[in-house]
Amino acid sequence: MNRSTLNMLCMLLACTTHLRLVAQTPQWVRVYGEPERYLNQGFILTKGEAGFIYGVGGISASGMDIGGHFTPVQGSTDAVLVKWDANGTVQWARSGGGPLTNDDDRATHVCVDSNTAEVIMGGYYSGPQATFGDFTLPSAGGFGYKAIFITKYAADGECLWARYATRVGGLG
């Protein structure tokens with residue numbers, strides 16, 4: 001089967017498949033921070049083992065209490081990773097990023113290994129360095145540059161490792 005025939009079949013299947021969308025009643029809703037004081041952004045959520053839910057984003061100001069877990073901010077905006085149980089109770093929250101007041105550090109992706117319950121968080125940072133747990137990543141490459149990061153956390157929230165890549169050729 002050639003490529004154009006396969007594309008045509010995929011389009012036909014997509015056009016003839018009907019989806020039934022049903023409104024759901026939320027089991028729980030959580031709101032953290034004070035909108036007038038903080039620039040808090042949640043980007044993505046994913047479901048992990050035993051009904052646990054993981055979320056990532058960015059937090060700012062001097063830190064934020066996330067469900068009884070104070071999460072500090074090192075610069076102006078840091079990446080954040082939060083784990084909730086199936087009832088919406090925060091299990092742990094972790095933040096990471098750089099030390100400058102004009103840093104822009106955010107987590108934009110999260111996934112969970114279903115076999116080990118380890119969590120992978122990815123995103124970007126700017127500034128002279130970024131710290132996640134015990135791991136410090138080097139400069140993003142100068143003012144205006146951003147580096148991407150990927151970190152791995154154990155099920156209990158311990159940062160196992162952190163890696164980076166920059167525009168100027170740095171890998172680690």
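Sequence positions are assigned chain by chain, starting from 1 and proceeding in written order. The predicted nature of this model means local features are confined to residues of pLDDT at least 70 and side-chain atom pairs, given and counted, to a pLDDT of 80 or more, with totals for whole chains, interfaces and linings taken over all residues. Values shown for side chains rest on all heavy atoms present in the structure; no hydrogens or waters enter the calculation.

Help me understand the sheet that holds strand β11 (residues 147–153) in this model?
Strand pairing in a sheet takes place through backbone hydrogen bonds and is either antiparallel or parallel in direction. Taking strand neighbours across the sheet as the criterion, the four strands line up as β7-β8-β11-β12 in an open arrangement whose pairing is antiparallel. A strand with exactly one partner marks an edge of an open sheet, and here the two such strands are β7 (106–112) and β12 (159–165). Within this sheet the neighbouring strands show an average axis-to-axis angle of 20°, counted without direction. A pair of strands is considered paired only if DSSP assigns at least 2 bridges between the two. Think of it this way: any DSSP run of H or I at least four residues long counts as a helix, any run of E at least two long counts as a strand, and we number them from the N terminus. Here six bridges tie β7 to strand β8 (residues 119–125), and the two strands are oriented antiparallel to one another. Its bridge partner being in β8, A107 is matched across the sheet by G123. Axis definition: a line fitted to C-alpha atoms, over the contacting stretch in the case of helices. Angles run 0 to 180 degrees between N-to-C directions.

Would you explain the pattern of salt bridges in this entry?
Side chains carrying opposite charge are able to pair once their charged atoms draw close together. When a carboxyl oxygen of Asp or Glu lies within 4 Å of a side-chain nitrogen of Lys or Arg, that pair is called a salt bridge. The full count for this structure, using the stated rule, is four salt bridges. Note that D104 is salt-bridged to K146, the shortest N-O span being 2.9 Å. Of this pair, D104 sits in the loop between β6 (90–96) and β7 while K146 is found in the loop between β10 (135–137) and β11, placing the two residues 42 residues apart along the sequence. Exposure categories follow from relative accessible area, calculated using a 1.4 Å probe and restricted to protein chains: below 20% of the type maximum is buried, above 50% is exposed, and the middle band is partly exposed. Among the residues examined, D104 registers a relative accessible area of 19% and is labelled buried.

Before we go on, may I ask you to explain the sheet that holds strand β1 (residues 41–47) in this structure?
Ordered in space as β1-β2-β5-β6, the four strands form an open sheet in which the pairing is antiparallel. Taken across any chain shown, the strands that pair with only one partner, and hence form the sheet edges, are β1 and β6. Averaged over neighbouring strand pairs, the angle between their axes works out to 20° when direction is ignored. Sheet topology note: the β1/strand β2 (residues 53–60) ladder contains six bridges and is antiparallel.

Honestly, the nonpolar core in this entry has me stumped. Any pointers?
A general trend in soluble globular proteins is that nonpolar side chains are found buried together. L81, M121, Y125, F132 and F149 are the most contacted members of the largest nonpolar core, which has 22 residues in total. A contact between two residues is defined here by any heavy atoms of the two lying within 4.5 Å. Excluding residues within four positions of it along the chain, M121 makes contact with V56, V80, L81, A107, H109, F132, F149, I150, T151 and Y153. Within the second largest apolar cluster, nine residues are counted, among which are I59, M64, I66 and V73. For this analysis, a nonpolar core means a set of buried residues of the types Ala, Val, Leu, Ile, Met, Phe, Trp, Tyr and Cys, connected via side-chain atoms within 4.5 Å.

Looking at this structure, I do not really get the pairing of β6. What am I missing?
The buried count for β6 comes to five of seven residues, which makes it a mostly enclosed element. Here six bridges tie strand β5 (residues 77–84) to β6, and the two strands are oriented antiparallel to one another. Within β6, the position partnered with V80 by the bridge is S95.

Would you take a moment to explain the packing of aromatic side chains for this structure?
Ring pairs (aromatic) are described by centroid distance and by the angle formed between their planes. Note on aromatic pairs: the rings of Phe, Tyr and Trp (six-membered ring only in Trp) are paired at centre separations within 6.5 Å, and the planes decide the class, stacked below 30 degrees, edge-to-face beyond 60, tilted for the rest. Per the counting criterion, the structure on display carries three aromatic pairs. Summarising the aromatic geometry, the rings of W92 and Y153 are spaced 6.4 Å apart at their centres and angled 25° between planes, so their arrangement reads as stacked. In this pair, W92 sits in strand β6 while Y153 sits in strand β11, placing the two residues 61 residues apart along the sequence. With respect to burial, W92 and Y153 carry one shared label: buried. Taking the centre distance of 4.5 Å and the plane angle of 35° together, the rings of F132 and F149 count as tilted.

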